Amino acid sequence: MPKLQILEFPDERLRTKAAPIEVVDDALRTLIGDMFETMYDAPGIGLAATQVDVHRQLLVADVSEDHDEPIVLINPQIIEREGVQTCSEGCLSVPTITADITRAERIVVTGLNRNGESITIEADDLLAVCIQHEMDHLQGKLFVDYLSPLKRQMVRKKLEKRARLERETAEVSA
Ligand code: NI
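Quick summary incoming for the structure in this document.

Scoring rules and cut-offs
Residues numbered from 1 in each chain as written. Predicted model: local features only at pLDDT ≥ 70, side-chain atom pairs only at ≥ 80, totals over all residues. Heavy atoms only, no water. Donors = N, O, S within 2.8 Å, 3.2 Å for Na, K, Ca; no water. Helix = DSSP H or I, 4+ residues; strand = E, 2+ residues; numbered from the N terminus. Buried < 20%, exposed > 50% of the residue type's maximum accessible area, 1.4 Å probe, protein only. Phe/Tyr/Trp six-rings, centres within 6.5 Å; stacked < 30°, edge-to-face > 60°. Contact = heavy atoms within 4.5 Å. Pairing = 2+ DSSP bridges. Salt bridge = Lys/Arg side-chain N within 4 Å of Asp/Glu carboxyl O. Axes fitted to C-alpha atoms, helices over the stretch in contact; angles between N-to-C directions.

As for the coordination of the nickel ion
All of the protein donors around the nickel ion are Cys 91 (SG), His 133 (NE2) and His 137 (NE2); their distances to the metal are 2.1 to 2.2 Å. The sequence pattern formed by the donor residues of the nickel ion is C-x41-H-x3-H. In this pair, Cys 91 sits in the loop between β3 (71-89) and β4 (99-112) while His 137 sits in helix α2 (residues 125-138), placing the two residues 46 residues apart along the sequence. There is no split in this pair, since Cys 91 and His 137 are both buried.

What follows is the structure in structure tokens.
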């Protein structure tokens with residue numbers, strides 16, 4: 001399976017709002033497989049379709065150590081949220097950056113699984129953080145949006161410099 005390219009902040013495509021998915025078919029399941037491969041390879045614990053430039057409401061996650069608890073959520077909706085927790089977050093679209101972000105401690109989320117069946121997931125701790133983070137992506141939102149404008153500007157400069165260095169290195173080795 002091909003590994004997908006992950007968009008990186010400040011790429012404007014990350015700001016696209018994802019459209020609901022109407023048909024869960026084999027093409028979508030192929031995308032889901034590719035997203036898991038890309039996520040595990042990165043490595044990361046969650047990936048939203050937005051991050052691979054597919055603007056549909058789909059996310060994958062696996063917060064287990066052994067990569068044996070894969071979760072697929074299509075058209076996710078949070079129907080309950082409770083409590084608060086602050087967690088140090090990172091993002092495959094914002095490499096090398098982490099920040100403390102406050103979110104709900106426990107959520108109940110509904111959606112469809114990879115077979116198009118309705119599912120309800122009760123999540124707390126890290127899985128709750130992960131699902132809320134990925135659902136933000138589907139709305140075109142990034143965790144750095146929770147930071148102050150000044151801090152976000154610092155992140156932007158750091159990543160633009162990093163991208164520039166990567167391009168230069170690629171040119172030298174070409
Ligand atoms: Ni992310």
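Some remarks on the packing of aromatic side chains
This structure, assessed with the given rule, holds one aromatic pair. Relative to Tyr 40, the ring of Phe 36 lies with its centre 5.8 Å away and its plane at 25°, an arrangement referred to as stacked. Here Phe 36 pairs with Tyr 40, and both are found in helix α1 (residues 26-41), just four residues apart, close to one helical turn. Its relative accessible area of 6% is what places Phe 36 among the buried residues. According to the relative accessible area criterion, Tyr 40 is partly exposed, its value standing at 22%.

Things to note about the environment of Val 63
Here Val 63 shows up in the loop between β2 (58-61) and β3. Taking relative accessible area as the criterion, Val 63 reaches 27% and is therefore assigned partly exposed. Excluding anything up to four places from it in sequence, Val 63 contacts Ile 45, Leu 126, Leu 127 and Cys 130.

Notes on the pairing of β2
Residues Leu 58 and Val 60 of β2 are buried on one face, and the alternating residues Leu 59 and Ala 61, pointing to the opposite face, are buried as well. Relative to β2, strand β1 (residues 46-48) is paired through three bridges, and the arrangement is antiparallel. Looking at the pairing, Ala 48 lines up with Leu 59 of β2. Taken together, the four bridges between β2 and β3 define a ladder with antiparallel strand orientation. Its bridge partner lying in β3, Ala 61 is registered against Ile 71.

Focus on the pattern of salt bridges
Tallied over the entire structure, the rule returns 13 salt bridges. Among the ionic pairs, Lys 3 bridges to Asp 41, the shortest N-O distance being 3.5 Å. Here the residue Lys 3 occupies a position in the segment before α1, and Asp 41 occupies one in helix α1, the gap between them amounting to 38 residues. Looking at Asp 41, the relative accessible area reads 46%, which means it is partly exposed. A salt bridge links Asp 53 to Arg 13; the nearest nitrogen and oxygen atoms lie 3.3 Å apart. Of the two residues, Asp 53 sits in the loop between β1 and β2 while Arg 13 sits in the segment before α1, which places them 40 residues apart along the sequence. Taken together, the salt bridges that share partners define one network made up of Glu 80, Glu 82, Arg 106 and Glu 122.

Comments concerning the sheet that holds β4
Pairing within the open sheet is antiparallel, and its five strands lie in the order β1-β2-β3-β4-β5. The sheet terminates laterally at β1 and β5 (118-124), the two strands that pair on one side only. On average, each strand axis in the sheet is tilted by 30° relative to the strand beside it, whichever way the strands run. Pairing analysis gives twelve bridges linking β3 to β4, with the strands arranged antiparallel. When the bridges of β4 are listed, Ile 74 appears paired with Leu 112. Strand contacts of α1: β1, β2 and β3, with the helix running at about 40° to β2, the strand carrying the most contacts.

On their own, these measurements won't tell you what the molecule is for.
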